[in-house]
Amino acid sequence: MEENSNFIRSIIKEDLASGKRKNVVTRFPPEPNGYLHIGHAKSIVINFGIADEFNGTTNLRFDDTNPLKEDQEYVDAIKHDVEWLGYQWENLHYASNYFSEMYERAVLLIKKGKAYVDDLSAEEIREYRGTLTEPGKESPYRNRTVEENLDLFLRMKNGEFENGQKVLRAKIDMTAGNINMRDPVLYRVSHATHHNTGDTWCIYPMYAFAHPLEDAIEEVTHSLCTTEFEEQRPLYNWVIEECEMEAKPQQIEFGRLNIENTVMSKRKLKQLVDENYVDGWDDPRMPTISGLRRKGFTPESIREFVQATGVSKGSGAVDEAMLDHFVREDLKMKAPRTMGILNPLKVVITNYPEGQVEMLDAEINPENPEMGSRQIPFSREIYVEQDDFMEDPPKKYFRLFPGNEVRLKHAYFIKCEEVIKDDEGNVIELRCTYDPETKSGSGFTGRKVKGTLHWVEATQAVSAQFRLYEPLIRDEDLKSADGNEGKTFLDFVNEQSLSIQHGFIEPTMKDSKPHDKFQFFRHGYFNVDPKHTTEEQLVFNRIVSLKSSFKL
Ligand code: ATP
Ligand code: MG
Ligand code: MG
């Protein structure tokens, strides 16, 4: 986070300097109703990062007050993702462990005449609430006595009412300018089994009531959340005051992270998973932490990216190329260079001795010479990319075409002499000659060529699968769909978002393990896929291509 642009840091500094606070406690409060996405990473980096700066602590708290959508699978995945990003929580909490205390605080509100049981339906409550320009109307049940409210709330808890039949509401002000203060609902009836508390409860607190209590119970000092909660801050403070909580956390809002061409809402991501548009929450096209990990992003690259987006009140979308930039930066020094052919075309070097294989020396990472070198075989038969040959090329095409000479990376110059085709006229093989004088590293300066190609020796090549990705859904496609009745975002899934190619890699790579990362010469950075890789076949996910016009 940039030293000057972080207003949260300034607030905390002042709080400590003035003695308003003696310590710093933050929390990351996901609802376990889905996997974490890159937007959550922003909240994680801010909460853990800022506490760490001030020698404070951060809790991981599962905000599990909605029994219908929550699941242990999500709890486990979230813990794993937070740790993988490189953070360790001080305490692990479940909001559901506070249900008894929350109930007691609600009873306290009733006793103080600050809450009442309402029989209006959800729809009626919405109607009575009014609008920005029109004050709300009081419910006919608003003036029930304390005794009656206590009795009805107890009976709600005891399961005497159906879902939606009764709610508990705060008694604040139906004419308040801030609509959130017009007697918000605090508790609802929901006959549902909760992943943590089972069937103990059939009433559940609403987020706006539960969240401030959770923060106060844990003695959180600074409750950092996104700007859509700004309007709720008066209610947050009201709950803490009226429930007579001892600790007084302060809510501070920052702008959400949004990324271009990236769907970032758990609800939508869940739909993509449930309706099989992707192969799970960790599909490499998903902006989830687990998807980015599977694609090959590193924790460092995600943290650096998030920090570079800064902390402010604004929430404009950042260019997705910015995320790619940070993983390139991180892998530049770490990832071994190698050669892989995604779309093979056989080349026979007719003047190279049959049966001979020589080993060539190739540096592993020119940007990090300490990584040393590897040996790669070269022989009479190699594979090059189909894209690196054109029978009838345009001007300024410097790769293979009849009569042209190119350099093979780490090896020799070869010249295309003959093109072999099948019955249908497809090019299936090239016949070339090589010049032994031109061996890489020999200091040959006799003549120059403009193209340098990657290649893999054919007899020892290891077959591999390559998966290339594009955005799952593009903003411009969604925009062009505005007013397109009856369609949802699912109708705009990019059919080219995954393309699978079968090719070859260097033999030294055959023992690669899931999550090993490489830079394939000219193709970009790749990660060994942990899900589809088998004993027989390595599968590589492209993390990013090499080139970008992105500038920080
Ligand atoms: P979504 O809208 O994607 O479902 P959410 O806000 O409902 O996300 P929670 O599980 O409640 O998901 O989020 C946990 C924390 O992460 C919250 O404090 C929330 O504000 C924060 N968070 C969620 N999305 C973003 C985002 N895009 N940028 C920054 N913080 C985010
Ligand atoms: Mg939420
Ligand atoms: Mg949500």
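Residues numbered from 1 in each chain as written. Chains lettered and ligands numbered in written order. Predicted model: local features only at pLDDT ≥ 70, side-chain atom pairs only at ≥ 80, totals over all residues. Heavy atoms only, no water.

**Q** Sorry, what's going on with helix 7 (residues 207-217) here?
**A** Given 3.6 residues per helical turn, the α-helix brings residues three or four places apart onto the same face. Within helix 7, eight of the eleven residues are buried, which leaves it mostly tucked inside the rest of the structure. The complete set of buried residues in helix 7 reads Phe-209, Ala-210, His-211, Pro-212, Leu-213, Glu-214, Asp-215 and Ala-216. Immediately beyond the C-terminal end of helix 7, within one or two residues, lies Glu-219, with a positive phi of roughly 55 degrees. (Buried < 20%, exposed > 50% of the residue type's maximum accessible area, 1.4 Å probe, protein only. Helix = DSSP H or I, 4+ residues; strand = E, 2+ residues; numbered from the N terminus.)

**Q** In this structure, what is going on with empty space enclosed by the protein? I would like to understand it.
**A** Gaps between atoms show up when a probe of the same size as a water molecule is rolled over them. Considering all chains together, one arrives at two cavities of 30 Å³ or more under this definition. In this structure, the largest cavity encloses a volume near 90 Å³. Lining the largest cavity are Arg-27, Tyr-207, Ala-208, His-211, Pro-212, Cys-225, Phe-229, Gln-232, Tyr-236 and Gln-251. The element contributing the most residues to the lining of the largest cavity is helix 7, with four residues. Of the residues assigned to the lining of the largest cavity, the class counts are six nonpolar, three polar and one charged. Broken down by secondary-structure element, the contributors of at least two residues to the lining of the second largest cavity are strand 16 (373-379) and strand 22 (456-457). (1 Å grid on protein atoms, 1.4 Å probe; cavity = no way out; pocket = protein on both sides within 12 Å on 5 of 7 lines; lining within 4 Å. Points joined across faces, edges and corners; volume = space filled by probe spheres on them. Nonpolar A, V, L, I, M, F, W, Y, C, P; charged D, E, K, R; others polar.)

**Q** What exactly am I supposed to notice about unusual backbone geometry here?
**A** What you tend to see is this: most non-glycine residues have negative phi, and most peptide bonds are trans. Despite not being glycine, Asn-55 has its phi angle at roughly 55 degrees, a positive value. Among the secondary structure elements, Asn-55 is positioned in the loop between helix 2 (38-53) and strand 2 (57-62). Positive phi values are uncommon outside glycine, yet Arg-522 reaches one of about 75 degrees. On the secondary structure map, Arg-522 appears in the loop between strand 25 (517-520) and strand 26 (524-528).

**Q** Would you take a moment to explain the pairing of strand 6 (residues 185-189) for this structure?
**A** Counting buried positions along strand 6 gives four out of five residues, so the element sits mostly inside the fold. Relative to strand 6, strand 5 (residues 167-170) is paired through three bridges, and the arrangement is antiparallel. Looking at the pairing, Val-167 lines up with Arg-188 of strand 6. Two elements, strand 6 and strand 7 (residues 203-205), share three bridges in a ladder whose sense is antiparallel. Bridged to Arg-188 within strand 7 is Tyr-204. (Pairing = 2+ DSSP bridges.)

Geometric descriptors of this kind do not, in isolation, establish any biological role.
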